[in-house]
Structures are given as structure tokens and as C-alpha cells.
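# Fold and geometry: a report
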There are 2 protein chains.
Amino acid sequence: MEAVTSPQQESYGSISRGCQWLKALPNKCCDKTMEIARKTKKLGQDDPRRIVHSLKVGLAITLVSLFYFFEPLYDGFGDSAMWAVLTVVLVFEFSVGATLGKGLNRMLATLVAAGLGAGAHCLASISGRKGEPILVATFVFIIAVITTFMRFFPRVKARYDYGMMIFILTFCLVSVSGYRDDQVLEMARDRFSTILIGCCASLIVCICIFPVWIGEDLHKSVAANIGKLGKFLEAFGDEYFKVSEESNENNKSYLQGYRTVLTSKSSEETMANFARWEPGHGPFGYRHPWKMYLKVGNLTRDCAYKVEALNTYLNCKIQTQAEIRGKIQEPCKRVSLECSRALKEMASAFRKMILNRSAAMHIENSKKVAEELKSLLKTSLWEEADLLEIIPSASVASLLMEIIECIEKISEAVNKLGEAASFRKSNATVLPELSDSIQQETVQQDSNTAMPAPVPHCVIIMSE
Amino acid sequence: MEAVTSPQQESYGSISRGCQWLKALPNKCCDKTMEIARKTKKLGQDDPRRIVHSLKVGLAITLVSLFYFFEPLYDGFGDSAMWAVLTVVLVFEFSVGATLGKGLNRMLATLVAAGLGAGAHCLASISGRKGEPILVATFVFIIAVITTFMRFFPRVKARYDYGMMIFILTFCLVSVSGYRDDQVLEMARDRFSTILIGCCASLIVCICIFPVWIGEDLHKSVAANIGKLGKFLEAFGDEYFKVSEESNENNKSYLQGYRTVLTSKSSEETMANFARWEPGHGPFGYRHPWKMYLKVGNLTRDCAYKVEALNTYLNCKIQTQAEIRGKIQEPCKRVSLECSRALKEMASAFRKMILNRSAAMHIENSKKVAEELKSLLKTSLWEEADLLEIIPSASVASLLMEIIECIEKISEAVNKLGEAASFRKSNATVLPELSDSIQQETVQQDSNTAMPAPVPHCVIIMSE
């Protein structure tokens, strides 16, 4: 039987629940605020340039607002001065490339559209007060349809999307306004010059105060991705051939760094698109081959897919018995380490913009060891064992050999890029402690001692 | 010895080169125009919604321009009516979700910022004509810095980035304009109401005329990605175990369809973000679990990484001898086919929003065959052969077994999504001709006869 509650009891219940909720509210708010504060701090710490960027935007907008406040400046443009403020808000982006891209798009599109819009107004006004709206509306419709369709072309979308939008906007603004305001030419001129001022203010602040070059970011990101694969391969050998089963957790964070490489394609493409707008700066000359970074990025991703395949064998259910694994342990670990060194040296030299051939040496070494591995696999070491159990280890060996090929391709692409971008030639190897041939080295030594020295921060090197 | 040319000869040379260039110019222009026309045609044919979208944008802008042309409408807003036109240009996007997202962002941000801006102006005006600019500039600076920094929060960036920009923009516009124009409240009101009109016009045209629902696109794209993997696996068995070496070209386009799955992450995320703005429509109810699509997408990508690994064995240099391959050919082909069927049925049922369990049957079948394959690998069939040569085929077998696990995970995620989104329960299997157990089927038969019937186009199904 259901308990019957009187309406009074119900209302008491809801009141007390309400009271409890109200009591808990300050705590909840406090928790939420603390969480936001923590996230804010983390965002700032992860990339302090974010704080600087926010201050830069504030500064640029405030600077341009002065136009409005000071009589002599305001008199020149009147209310149109507001366009300058709006332009700063719309155009100021995190990186110089993005700001320049948007700014140039906005300026060029405004210039062309303002001219065309004024022309359309003049043409339409010939047909008299009644015919004008019809003609202008027709022009607007046609221009809007064509321009909107053009935004679907991949090349236009990548570089001129914003410009296309501003083109329609300005064309409508000028041609339609012309119906109410005869000073269309003045309006077009004012709009263009205030936008010019806004763009220039944005660019000056963006470039002069701690500029963020997206090309540099792309450069570092491509290098870092190569390095991440190297880091995985460095740890892989020890991890896979570890005899103890203790630390078999699924998520070894230091092994998972490579996973971001798998999905880096779109961000790299965006960066390359913005980087092309940037003028030469530091070691990145005019017409720096940004497209070739995409090629290196693609090859790195191809290698990352193989690394992903390798990673599954770390958590594979069917594992080759330790004693059988032991048979290929040494050459596999050596291949993995040599590959790791090749990648890490490549990443380090690439980051420093040095044409470095020592990675090639490591690739050669790994090929030699791979030959040993192959001949080991050919021998009848395995006959007693069950093929099903051998497969994981054999696949690991085969994947490592494929990875060597991938690394060779990356190395070729990096060298080509290095030549096209006139990287410096190195006299010494980048990380001398790594370049000693490891032929004599026993792999049994603690892998930590073979770790490369930490690479100094890139910005310092680039400011040379 | 170099031939010496007189200056006269040189100028003749350059003139004749110029003439040749001029003669070739019409041809070049013609070629370029033809190319653009071809590309335009292809863009339109690939997705005719692009043409419709362009026409819709033209229509919406033209409609809103009428505000400016017709006296009674213009009298209400005056020059502010132009904001409505600009809003349409800025807010009208390809899909309903994107348009709604931008529109709501713009309206809400304008409402809040206009209020705050007017407040800031009133507060600043108390301090007199001299103090006002300083106070307003301070407010603008603080608001710009805070809002710009907030745009770095990933969740804000994903959903409210445009709103944040419009917030700064409107705040500046209203508070700064207040210095020259005392009718700040009227301005704030006009700006908000014209933006409301622009957004409403965009939304009405966007939703009422051939709407493009991005949620539907996401749904189709996730289903298509699952289907692409199925298509690869369908062809893989025959391709890998083919005895003839004739058609060993590297780029078998019909096998490469899965590659787009590898890099689909960012586009899926963008679509899911926009889809959340969309109201319930057709089979997609309010609060449709769009987030779960990302989960299915991630699992599909994990499977695609394995398929990528499988693909490398198609072009592997070291190949297992045909006779050895022959030993595992039958079970491998059957696993591959059953996996392909599981994926294809899953994709087809998912696309039709049917809770279909027949994929599970194929997964069970493939597991059974995988057990056979395992016991085949355990037997000493291989003893005479060289391990190095066995590895590729053994790896293929092992990858196929891993793929079964991946497909099981995808199937679970799809079922969960299906339950959360209340997919229909199926009475029959989706593709009856496929669901007959293939236990009796010989794999040697032409694989084309085992192909599923073409799935009818999704739009038709959804309009049921």
C-alpha cells in the first residue's frame, strides 16, 4: 500500500529541500569558482602567450577607440570611425599570420566591393527612383549567389573565405545604402580608410609586441611530432620485453604522447595556411616552403599509424612467452633504440634548422640490426614453439622493420625541406653523446643513461 | 666562345617573345576558364545543396534589403536597418545548426553587451566630459582582455567563440558611441532589434527552404565511415590472396576509401558542435545524443588504424609464398568477409536508424572462424617454412582477429547510441540476402555475387 502524504506534508518536504539546496548553494558556487580559477591558471601556464594576446587585444581596441574620443581625429571620419574599432575586434587574431590574412582579406575585399558597390549604385540610379531598388536588389542577389558559391572552392575557402564574406557585406552596404544616401563615394572611401586604420593598428600591435608567428608554431609542432614518435620507440623496447608483469596498466601516459600525432592533420593544414601570409621573420625567409611541412607531417602520421599498431602489442592478450621473446629481444630493442635516436636527432636538428646527417647514420645502424633480426627470424630457433604465440613478437619485429622505412622517408622529406629552406649545415652532430656508434653498446644497460640531453628551448636558438 | 648579340637583336628577341606570349594568352585564358567551369560543375554535382545554399543566401540578403528600400519599413529603424543586412551576410551558414549557433550567439551577445555598454556609458558620463573617455577606455580594455582570454577555454571556443567576439564588438560600439551620441539606449535597442530581424530572416530561409541539417550529415558521415571499413575488408581477402601478380599497382582506389576515416576527427567534432544547436527534426529528437557519435567515430578510427596496418601488407615487399598463404586463405577470407558484412550491416542499419542485431551474428561467425584460424596456426603446418616469410601472412591473420575486437566495440557503441536515440527495432535483418549464414558458402565463389544490394539513398529513408 502506498503511503499517503497530505498536501501540507508535501509542501513541507519541498520547502525543506529548497532550504537544503539554498544552503548548499554557496558551497557549490565556491567550488565552481575555484574550478574556473584553476582552469584559468592552467590555460595561462600552458601557454603564457594567451595572457599577452588578451592584453594586446585590449590595448589595440583601446588605442583605436581614441579616434572616437579626440576631436581632431573624430572630425576626419565622423561616425565611420567606429568601423576602425570594429575592424580591430574582428581582425585581431592570436598569430601574425592569421591577423595578416584576415586584415589583407578585409582590406582588399572592402576596396574591391566598395568600388563595385558604388558602380552598381551609379548604374542603378540611372533607371530612376522606381527602377533603382529593383536593379540594386538584382545586383545584390547575383553577387551574393556567385560569391557564396565561390566560398565552396577548397582553395578559396582555405585562404580567402573571410575576404569573400566581407566582399558581399561591403557590396550590400554600399550599393543598398546608396538608395538613401547620395554620398556613396564618400561612404565607400570612409569605410575603406577606417578599415585600413583598424587593420594597421591591429597589425602594428600584433607584430611589435611579443609577436606569435604561426609559422614558427608549425615548425615546432612538426618537429615535436617527430620527437614524440622517437619518445615512444625509446620506451617501447624496454616496455615490451619487460619480464615482470607488474606495471601492466593500460594507460602509460609517457607512451601515449604519440596519439596526438594521429589527429594532427587539420591543425597542421590550418597553420600552414596562415603561415603563408606571414612575412619573412627570423630564420623563416620570404616564401619559406610551408607546403613541404605538410608533406613531412603526412609522413610522420604514416609512421604514427605503425606506432599505433606497435602499441597494441603492448596490451595484447596473447603474448609470446618470455623465453621465446628473449630470442629476438636484443635486436628488437636495438632497432627500436636506433629508430628512436634517428627520430629524436632528426626532430632536434629540424627544430634548430640544421641540416643534420647523423640521423641517417642511425637509420643505417638500424638497418644493419634489422638484417641481423631477419637472419635470426630465418633460423630454426622457433621450431618447437607454437606459431600462434610467436605471431605477436614476430609482428613486432616486422613492424619495427617497416618503421625503419617510414623513418627513412621522413628523413628524406626533412632533408629536402631543409635544402629548400636553406637550413644551416652542421659541423658536429647535434647530440654528440648520442652519435657514438652503439655497436659496442650493450642494450642491457639502463636505457635512461642513453637518453639524449634535453634540447634547449627553440626560441633561444631561433633568435640567433 | 659565347655568341655576341647586338642590343637590336636582343630587343627583337624580346619583342618576338612578347608577341608569342600575347598570341598564347587567349588560349591560356580559355584553358583557365574551362578549368574553372569544370571545377564549378564538379562542385555543384558533388553536392547540389551548395547551389541551393548560394541561392538561399542571395534570397535572404535580397529580402532583408527590402527594409531599406520600402519607406514604411525604413522609417522604423533608419540607417540601423543596414545591420539587418549585415547580420544575414555574417550569420547565414550552410547548415541549420551553424546558422542557429551563430544567430543565437549574435543575438544573445548583442543583448548582453548592449545592456552592459549602455550601463558603462551611463556610469562613465557621471564623471563628466573629461573623465568619461578615460573611464570608458578602461572599461573597454578590461572587457576586451577578459573576453579575449575566455575565448581560449576549449568549451567556450567550441560553442560561443562567435558570441564572445560580438560581445566585445557591441560593447565597444555602444559604450564608445555614447560619447558622441547621447541616444545610447535607442542605439542599443535598434542594434538589437535589427540583428534580431536579420537572424530571424536567415533562420526562416535556412530552415524553410531545403534545410541542411548538420546533425543528419554527421549521422550519415559516421555511418559512411563504418561502411568504408567494411568495403575495404570486403575486397581485402580477394586482393591479398590473389595468386596472379598482374594488377599489383599501388593505388587501388576502391581500396583507399577508408583513408579519409583516419583524418575525420576534427570534422566530426565540428559537426557535433553545430548539431547540438539544431532543434529536433525528422528522426533526430530534441537532445539527440550527438556526443555519442563522437565515441562511435573514435572507435571507427581505432579500427581504421588497424585497417591501415592491414593495407601495408597488400604492398609488402616480403610476401609469404602463395602456397603457404593458401593454407590460411580460406579462414582469413571468411573472417574478412564476415567482418565486412558486420560493418556494412551495422552501417546500413545505423544509417536507417534501426536497432539491428544481425551484425552481432556476423561478429559471432567471424569469431568462430577466427578460432578455426587460431587452431590452424597452432598446428605444425608451417614447420618447413621460413619464419620470415610466414610473418606477413601471420600478421594479417592476427590483425584480422584484432579487427574483430574493434568491430565488437563499435557494435556495442552503436547499440548504446541506438538505445539512447531510440532507434526503431528491426523485425527482419537489414539486408536479408546477406544474413544467410555463410557457413555453407564456399569462399571460392566470385565475391561479387556476395556483395550486398545497393543501399537506397538515406534521404528517402529518413523522410519515411
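Every value quoted in this text rests on a predicted model; they were computed, and no experiment measured them. (Residues numbered from 1 in each chain as written. Chains lettered and ligands numbered in written order. Predicted model: local features only at pLDDT ≥ 70, side-chain atom pairs only at ≥ 80, totals over all residues. Heavy atoms only, no water.)

### Topic: the overall build of chain A
Heads up, the rule is: A run of H or I in DSSP counts as a helix once it spans at least four residues, and a run of E counts as a strand once it spans at least two, with each numbered from the N terminus. Any pair of residues with heavy atoms lying within 4.5 Å of one another is described as a contacting pair. The protein chains shown are the only cover counted for residues, whose accessible areas, like all others here, come from Shrake-Rupley with a 1.4 Å probe.
Within chain A, the secondary structure is distributed over 17 helices and two strands. In chain A, the share of contacts with a sequence separation of at least 24, taken over all contacts with a separation of at least 6, comes to 82%. Of the roughly 22,000 Å² that chain A leaves accessible, carbon and sulfur atoms contribute 61%.

### What about the interface of chain B and chain A?
Threshold: The term buried area denotes the loss of accessible surface (1.4 Å probe radius) that occurs when two parts are joined, taken as the sum for both partners. One side-chain nitrogen of Lys or Arg within 4 Å of one carboxyl oxygen of Asp or Glu is enough to make a salt bridge. By the criterion applied in these results, polar contacts are pairs of N or O atoms within 3.5 Å in which, for protein atoms, one can donate a hydrogen and the other can accept it, and in which residues neighboring in sequence qualify only through two side-chain atoms. Gly falls in the polar group here, along with every residue not listed as nonpolar (Ala, Val, Leu, Ile, Met, Phe, Trp, Tyr, Cys, Pro) or charged (Asp, Glu, Lys, Arg).
With 76 residues of chain B in contact, the opposing surface of chain A contributes 76 residues. Note on chain B versus chain A: buried area summed over both sides is about 7,100 Å², and carbon and sulfur give 75% of it. The interface formed by chain B and chain A holds three salt bridges in total. Of the charged contacts in the structure, one is a salt bridge between Arg180 of chain B and Glu71 of chain A, with a shortest N-O distance of 2.9 Å. Summed over the shared surface of chain B and chain A, the number is 13 residue pairs in polar contact (both at pLDDT 80 or more). A per-element tally of the side of chain B that touches chain A places helix H2 (residues 49-69) of chain B first, with 13 residues. Among the residues making up the side of chain B that touches chain A, the classes are represented as 46 nonpolar, 14 polar and 16 charged.

### Regarding the relation of the copies chain B and chain A
Note the threshold: A least-squares superposition brings the copies together, and it is based on the C-alpha atoms of residues with pLDDT no lower than 70 in both.
When chain B is fitted to chain A, the residual RMSD is 0.1 Å, and the transformation amounts to a turn of 180 degrees plus an axial shift of 0.0 Å. Between the two chains, the operation in question is that of a two-fold axis. Both copies share a contact surface, since 100% of the interface residues of chain B are interface residues in chain A too.

### Details of the side chain of Asn273 of chain A
As for its position among the elements, Asn273 of chain A is in helix H11 (residues 265-275). Excluding anything up to four places from it in sequence, Asn273 of chain A contacts Ala158 and Arg159 of chain A.

### Observations regarding the packing of helix H13 (residues 322-351) of chain B against helix H15 (residues 387-420) of chain B
Residues and elements named next belong to chain B. As a reminder, the rule being used: Fitted lines through C-alpha atoms serve as axes, helices being fitted only where they are in contact, and the angles separating the N-to-C directions of these axes extend from 0 to 180 degrees. Angle categories are assigned with fixed cut-offs, so that under 35 degrees is roughly parallel, over 145 is roughly antiparallel, 65 to 115 is roughly perpendicular, and the rest are oblique. For a crossing to be left-handed, the near helix must be turned anticlockwise from the far one by less than a right angle; the clockwise case is right-handed.
Running from N to C, H13 and H15 point in directions that differ by 20 degrees, and their axes come no closer than 10 Å. With respect to H15, the axis of H13 lies roughly parallel. The crossing of H13 and H15 is left-handed. Along its contact with H13, which presents Ile324, Arg325, Ile328, Cys332, Val335, Ser336, Cys339, Ala342, Leu343, Met346 and Phe350, the element H15 presents Glu389, Ser393, Ala397, Leu400, Ile403, Ile404, Ile407, Ile410, Ser411, Val414 and Leu417. For the contact of H13 with H15, a count of residues per class yields 17 nonpolar, three polar and two charged.

### Side note on the state of the cysteines
Residue and element names in this part refer to chain A. Under the convention used in this document: Any cysteine sulfur atom paired with another within 2.5 Å is treated as part of a disulfide.
All told, the structure shown has zero disulfides over all chains when counted by the stated rule. Left unpaired, Cys122 is separated from the closest cysteine sulfur, that of Cys172, by 17 Å. Cysteine Cys406 is unpaired, with the sulfur of Cys303 as its nearest cysteine sulfur at 4.6 Å.

### Here's the deal with H13 of chain B
Counted only if it meets this: One axis is fitted to the seven residues ending at the residue and one to the seven starting there. The bend at that residue is the angle between these axes. Burial classes follow relative accessibility: with a 1.4 Å probe on protein chains only, a residue under 20% of its type's maximum area counts as buried, one over 50% as exposed, and anything between as partly exposed.
The axis of H13 of chain B is deflected most strongly, by about 50 degrees, at Ile328 of chain B, and proline Pro331 of chain B appears within four residues downstream. Within H13 of chain B, 23 of the 30 residues are buried, leaving the element largely enclosed by the surrounding structure.

### Brief notes about a nonpolar patch on the surface
Residue and element names in this part refer to chain A. Heads up, the rule is: Patch construction takes residues with relative accessible area above 30% that form no salt bridge. Like charges are linked within 9 Å, and nonpolar side chains (Val, Leu, Ile, Met, Phe, Trp, Tyr) are linked within 5 Å.
Together, Leu108, Leu111, Val112 and Leu116 line one region of the surface with nonpolar side chains, adding up to about 370 Å² of accessible area. Mapping Leu108 onto the fold places it in helix H5 (residues 96-126). Given the relative accessible area of 58%, Leu108 is considered exposed.

### What to know about the UniProt feature "transmembrane region" (unreviewed entry) in chain A
All names here are of chain A. Inclusion rule: UniProt positions are given in the numbering used here, feature names are shortened, and annotations may be inferred rather than shown by experiment.
Cross-referencing UniProt, the feature "transmembrane region" (unreviewed entry) maps to residues 51-70, 82-101, 134-153, 160-180 and 192-214 in the present numbering. As annotated, residues 51-70 comprises 95% helix and 0% strand, and the C-alpha atoms at either end are separated by 29 Å. For residues 134-153, the end-to-end C-alpha separation is 30 Å, with 85% helix and 0% strand making up the annotated structure.

### Observations concerning a negative patch on the surface
Heads up, the rule is: The positive count covers Lys and Arg only, the negative count covers Asp and Glu only, and His and the chain ends enter neither. Every charge is mapped to an atom, namely NZ of Lys, CZ of Arg, CG of Asp or CD of Glu.
Among the surface-exposed residues, Asp79 of chain A together with Asp181, Asp182 and Glu186 of chain B lie close enough to one another that they form a single negatively charged patch. Along the polypeptide, Asp79 of chain A turns up in the loop between helix H3 (71-77) and helix H4 (81-91). Its relative accessible area of 52% is what places Asp79 of chain A among the exposed residues.

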